[in-house]
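# Observations on the model geometry
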Amino acid sequence: GTHASAEMVQLDLLRGATCKEEALAKGRMLFVCSAKVPRAEMRSFLEQTQKVVFTTGDQSLAEAMFMDKIPGIKPDAKVQQWQLALMAKATGGLDAVPDLGEVMRSLVEDPIAQEKARRESKALSDELELQMIAKLGGPPSTWSPTHHVLSRAGMLG
């Protein structure tokens, strides 16, 4: 695939109409890379990074947090999940997160787990719909096409 890599030698920090040039500390190397890291290589890639990392994608962010890395910026999507993950990390709650394989297996094989997941999903959907109705001032039948797109994208609740 196509990728690009660049070594940064100077940063120009912009805020409004002001610009401040910031030279990197002597001996400090900063690289920016725009290549996809295959899932199988993500852990070994992240093991080589500094403590603070900037990731894109849910999987790389989750993997970084499990490896005790610190996210450098707040993601622009799924912010609530990111905040919950940071809270779980800070309180030692990551150890209580169930194994995804076990959860998926139970959802495929166990009718009781399937029904429980359906009920919880429906309850959450109903709650979110009420929040969106309150935000938009009316039921889904009164929403614009844009409101429907935003609601399906999870951007209204």
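Another aspect to go through is the overall build of the protein chain. Of the regular secondary structure elements, the protein chain holds six helices and six strands. Seen in sequence order, the protein chain has helices and strands lined up from the N terminus as β-β-β-β-α-β-α-β-α-α-α-α. At 21 Å, the protein chain has a C-alpha radius of gyration far larger than the 15 Å of a compact globule built from 157 residues. Counting only C-alpha atoms and orienting by the principal axes, one finds that the protein chain spans roughly 60 × 45 × 35 Å. For the protein chain, buried positions account for 13% of its 157 residues. Residue pairs in contact within the protein chain that sit at least 24 positions apart in sequence constitute 20% of those at least 6 positions apart.

Let us look at helix α5 (residues 111-136). In this model α5 runs 37 Å from its N-terminal to its C-terminal C-alpha over 26 residues, within 8% of the 38 Å that 1.5 Å per residue would give. Its side-chain oxygen at 3.0 Å from the backbone nitrogen of Ile112, Asp110 defines the N-terminal cap of α5. Of the residues trailing α5, Gly137 is marked for its positive phi of about 75°.

Below, the discussion takes up the pattern of salt bridges. If you walk through the whole model with that rule in mind, you get four salt bridges. The partner of Lys116 in a salt bridge is Glu120, and the shortest N-O contact between them spans 3.4 Å. On the criterion of helical spacing, the pair formed by Lys116 and Glu120 is a turn pair, its members being four residues apart in helix α5. Between Asp126 and Lys122 there is a salt bridge, with its nearest N and O atoms 2.8 Å apart. Of this pair, Asp126 and Lys122 are both found in helix α5, four residues apart, which corresponds to roughly one turn of the helix. Assessed through its relative accessible area of 52%, Lys122 is described here as exposed.

A few words now on the nonpolar core. The biggest cluster of nonpolar side chains holds five residues, and these are Met42, Leu46, Val53, Ala64 and Met67. Here Leu46 is in contact with Ser60, Glu63, Ala64, Met67 and Lys69, once residues within four sequence places are set aside.

This brings us to the environment of Leu124. Locating Leu124 in the fold gives a position in helix α5. When the C-alpha positions of Leu124 and Glu102 are compared, they lie 22 Å apart, and in sequence the two are 22 residues distant.

All right, on to the environment of Trp82 then. For Trp82, the location among the structural elements is in helix α3 (residues 79-90). Residue class for Trp82 comes out buried when judged on its relative accessible area of 13%. Separated by 19 residues in the primary sequence, Trp82 and Gly101 place their C-alpha atoms 21 Å from one another.

Bringing the side chain of Ser151 into the picture now. On the secondary structure map, Ser151 appears in helix α6 (residues 145-152). Not counting the four nearest positions on each side in its chain, Ser151 is found in contact with Met132, Trp143 and Leu156.

On to α3, then. For α3, built from twelve residues, the straight-helix expectation of 16 Å at 1.5 Å per residue is met to within 8% by its first-to-last C-alpha distance of 16 Å. Once α3 finishes, Gly92 follows within two positions and takes phi at roughly 75°, a positive value.

All right, on to the confidence of the model for the protein chain then. Per-residue confidence for the protein chain gives a mean pLDDT of 79; residues scoring 70 or more make up 90%. The lowest-confidence element of the protein chain is strand β2 (residues 10-15), averaging 71 in pLDDT; the highest-confidence one is α5, averaging 91.

On to the side chain of Lys69, then. Summarising the element assignment, Lys69 is placed in the loop between α2 (58-66) and β6 (70-71). One buried charged residue, Lys69, remains without a salt bridge, the closest side chain of opposite sign being Glu47 at 8.7 Å. Within polar-contact distance, the side chain of Lys69 engages the backbone oxygen of Gln50 at 3.4 Å. Excluding residues that lie within four positions of it along the chain, Lys69 makes contacts with Leu46, Glu47, Thr49, Gln50, Lys51, Val53, Ala64 and Lys89.

About the criteria used
- Residues numbered from 1 in each chain as written.
- Predicted model: local features only at pLDDT ≥ 70, side-chain atom pairs only at ≥ 80, totals over all residues.
- Heavy atoms only, no water.
- Helix = DSSP H or I, 4+ residues; strand = E, 2+ residues; numbered from the N terminus.
- Rg over C-alpha atoms; globule rule 2.2 N^0.38 Å.
- Buried < 20%, exposed > 50% of the residue type's maximum accessible area, 1.4 Å probe, protein only.
- Contact = heavy atoms within 4.5 Å.
- Expected span 1.5 Å × (residues − 1).
- Polar contact = N/O pair within 3.5 Å; in protein donor to acceptor, adjacent residues only side chain to side chain.
- Salt bridge = Lys/Arg side-chain N within 4 Å of Asp/Glu carboxyl O.
- Core = buried A, V, L, I, M, F, W, Y, C linked by side-chain atoms within 4.5 Å.
- pLDDT = per-residue confidence, 0-100.
- Lys, Arg positive; Asp, Glu negative; His and termini not counted.

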